[in-house]
Amino acid sequence: MNRIAVIGAGPGGLTCARILQSHGIDVAVYDCDASATARNQGGTLDMHPDTGQHALRATGLWHGFTALARPEGEQMRLVARDGRILFDAAPPQDGQGNPEIDRGQLRDLLLDSLAPGTVRWGHKLERTEPLGDGRHRLHFAHGHSTETDLVVGADGAWSRVRRVLTDAVPLYTGVTFVETGLNDADNRHPSLAALTGNGTMMALDNNLGFIAQRNSGGHIRVYIGLRTPQDWHRQEGVDLTAPAAVRDALLHRFADWSPLLRGFITDTDTGYVNRPLFALPVPHTWEPTPGVTLLGDAAHLMSPFSGMGANLAMRDGADLAQALIEHATVDDAVTAYEKLLVPRSVEAAEGAAEGIAGAFSVDSAEQTLAHMTAHH
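Just so it is clear, the structure is predicted and the values come from calculations on it, not from any experiment.

Before going further, it helps to examine the overall build of the protein chain. Each helix and strand counted, the protein chain has 14 helices and 17 strands in total. For the protein chain, whose C-alpha radius of gyration is 21 Å, the value lies close to the compact-globule estimate of 21 Å for 376 residues. Principal axes of the C-alpha set define a box for the protein chain whose edges measure 60 × 50 × 35 Å. Per-residue burial for the protein chain yields a buried fraction of 53% across its 376 residues. Within the protein chain, counting contacts between residues at least 6 apart in sequence, those at least 24 apart form 71% of the total. Carbon and sulfur atoms form 51% of the exposed surface of the protein chain, whose accessible area is close to 16200 Å². Computed over 30 positive and 45 negative side-chain charges, the inter-centroid distance for the protein chain is 4 Å.

A word on empty space enclosed by the protein. Inspection of the entire model under this criterion finds 1 cavity of 30 Å³ or more. Considering the residues around the largest cavity, the lining is formed by Leu280, Pro281, Val282, Pro283, His284, Ala299, His300, Leu301, Ser345, Val346 and Ala349. Broken down by secondary-structure element, the contributors of at least two residues to the lining of the largest cavity are helix 11 (297-300) and helix 13 (330-359). It is helix 13 that provides the largest number of residues to the lining of the largest cavity, a total of 3 residues.

This next bit is on the sheet that holds strand 8 (residues 125-132). The antiparallel open sheet is built from 3 strands, whose spatial order is 8-9-10. Strands with a single pairing partner mark the edges of an open sheet, and in this sheet they are strand 8 and strand 10 (145-148). On average, each strand axis in the sheet is inclined to that of its neighbour by 20°, with strand direction left out of account. Looking at chain direction, strand 9 (residues 135-140) and strand 10 are connected through 4 bridges and run antiparallel. The residue of strand 10 that forms the bridge with Leu138 is Thr146.

Here we come to the packing of aromatic side chains. Per the counting criterion, the structure on display carries 10 aromatic pairs. Consider the rings of Phe177 and Phe360, whose centres lie 6.2 Å apart with planes at 55°: the pair is tilted. Taken together, the residues span a long stretch of sequence, with Phe177 in strand 12 (residues 171-182) and Phe360 in the loop between helix 13 and helix 14 (364-375) at a distance of 183 residues. Take Phe360: its relative accessible area is 1%, and that puts it in the buried class. Seen in terms of ring centroids, Phe210 and Phe264 are 6.0 Å apart; in terms of plane orientation they differ by 40°. Their pairing is tilted. One end of the pair, Phe210, is in strand 14 (residues 208-214); the other, Phe264, is in helix 10 (residues 259-266), with 54 residues separating them in the sequence. When its relative accessible area of 0% is taken as the criterion, Phe264 is described as buried. Through a chain of ring-to-ring contacts, the aromatic side chains of Phe210, Phe254, Trp257 and Phe264 assemble into a single cluster. When the ring centre of Trp62 is taken as origin, the NZ or CZ atom of Arg57, which lies over that ring, is 3.8 Å away.

Attention now moves to the pairing of strand 14. Of all the 7 residues making up strand 14, 7 are buried; the element is thus mostly covered by neighbouring parts of the structure. Burial along strand 14 is two-sided: Leu208, Phe210, Ala212 and Arg214 facing one way and Gly209, Ile211 and Gln213 facing the other are all buried. As consecutive antiparallel partners, strand 13 (residues 200-205) and strand 14 are separated by 2 residues, and within that stretch Asn206 has a phi angle of approximately 50°, a positive value. The sheet contact formed by strand 14 and strand 15 (residues 220-227) spans 7 bridges and is antiparallel. Paired with Leu208 across the bridge in strand 15 is Leu226. Counted along the chain from strand 14 to the antiparallel partner strand 15, the turn is 5 residues long, and its residue Gly217 has a positive phi close to 70°.

The next thing to look at is the sheet that holds strand 14. Ordered by their spatial adjacency, 7 strands build an open sheet running 5-4-13-14-15-12-16, and the pairing between neighbours is mixed. Edge strands, defined here as strands with exactly one partner in the open sheet, are strand 5 (85-89) and strand 16 (273-279). Here the average twist between neighbouring strands, direction ignored, is 20°. Bridge count between strand 12 and strand 16: 6 bridges; the pairing is antiparallel.

Let's shift gears to the pattern of salt bridges. Tallied over the entire structure, the rule returns 18 salt bridges. Across the pair Arg135 and Asp149 runs a salt bridge whose closest N-O atoms are separated by 2.7 Å. Of the two residues, Arg135 is situated in strand 9 and Asp149 in the loop between strand 10 and strand 11 (150-153); the sequence distance between them amounts to 14 residues. Judged by its relative accessible area of 27%, Arg135 falls in the partly exposed class. The buried category is assigned to Asp149, whose relative accessible area is 16%.

Running from N to C, helix 9 (residues 243-253) and helix 10 cross one another at 160°; their axes reach a closest spacing of 10 Å. One finds that helix 9 runs roughly antiparallel with respect to helix 10. Like other packed secondary-structure pairs, helix 9 and helix 10 cross with a definite hand, here right-handed. Across the interface between the two elements, Arg247, Leu250 and Leu251 from helix 9 touch Arg262, Ile265 and Thr266 from helix 10. Its residues assigned to classes, the contact of helix 9 with helix 10 comprises 3 nonpolar, 1 polar and 2 charged.

Rules and cut-offs
Residues numbered from 1 in each chain as written. Predicted model: local features only at pLDDT ≥ 70, side-chain atom pairs only at ≥ 80, totals over all residues. Heavy atoms only, no water. Helix = DSSP H or I, 4+ residues; strand = E, 2+ residues; numbered from the N terminus. Rg over C-alpha atoms; globule rule 2.2 N^0.38 Å. Buried < 20%, exposed > 50% of the residue type's maximum accessible area, 1.4 Å probe, protein only. Contact = heavy atoms within 4.5 Å. Areas by Shrake-Rupley, 256 points an atom, 1.4 Å probe, with all protein chains shown as cover. Lys, Arg positive; Asp, Glu negative; His and termini not counted. Charge placed at Lys NZ, Arg CZ, Asp CG, Glu CD. 1 Å grid on protein atoms, 1.4 Å probe; cavity = no way out; pocket = protein on both sides within 12 Å on 5 of 7 lines; lining within 4 Å. Points joined across faces, edges and corners; volume = space filled by probe spheres on them. Pairing = 2+ DSSP bridges. Axes fitted to C-alpha atoms, helices over the stretch in contact; angles between N-to-C directions. Phe/Tyr/Trp six-rings, centres within 6.5 Å; stacked < 30°, edge-to-face > 60°. Lys NZ or Arg CZ within 6 Å of the ring centre and 35° of its normal. Salt bridge = Lys/Arg side-chain N within 4 Å of Asp/Glu carboxyl O. Parallel < 35°, antiparallel > 145°, perpendicular 65-115°, else oblique. Left-handed = near helix turned anticlockwise from the far one by under 90°. Nonpolar A, V, L, I, M, F, W, Y, C, P; charged D, E, K, R; others polar.

In structure tokens form, the structure reads like this:
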């Protein structure tokens, strides 16, 4: 019986583990976080039919998902820099769309479906040692080690497992998000909540933008986007740990935007987190290597403008698990899986690169409106 080690307890790794375990295959998941609640899991995700939804059905968790999902969160709104609503698409009424779910809720759904002890928290992978025949010994930061027949790198943007396969490193996209948020938004920030609507509001123009996302529990997550050098804060002498300094720098950038939109900067309940966006080179491929493969961001990190990151990671996890169930050897399974993985991830990554280029350009307002009109 093969023993499989998944590095990283994100949606893709957990999807893979859930399907393997439900077919009686020995799998352990190792994550560097101290616990499931060690850090915030981020915003909301829309689950696409042929990727995220497919994976949820394969895990047997579809009904659990639909109980948590927010179909109304699919509303998509484009706003001009003066606050006028330019485009407003209601969610599909036939249930055929991409319903939203909070990342944290999705992760808990997957975690709760695994046998107790499947996820080993507080395990930061330091290195993988090849033992021959595709087997590896995994060495963790606190001295623990284990042997495995297959290492699945589901360990995200800065994957340690990827180093075994490729020298590729994520590169800065030229765009940084400063994340902030509004709590109890409908009561505490009614005008910003009304502008956001039930789903996602975007205001993009001339290399700047606001993206506001409705989450569950009355929270609105806000990304203030800038096409800017990665070290913009150092160049401008802004201390990222001083909220007033970050606020003033952002207000200066958005000086000629509507006072209502500038409220997304001033009315924060959560402070500001600087998030430069990175992507792997496209195409990102590697030579088949016995006993090691990648999924999700470790394999195809791309900008969030594809809307595909978590969806692809979950489809990767489902396809890898299915291949391991169906094929006689780990090598055959990984070969079959990687033949599916590479073409679709290249296509999605190219789309994501185009998406972020269009969203943060001089004429991004016109480009985004044309794109939305064509796709709705």
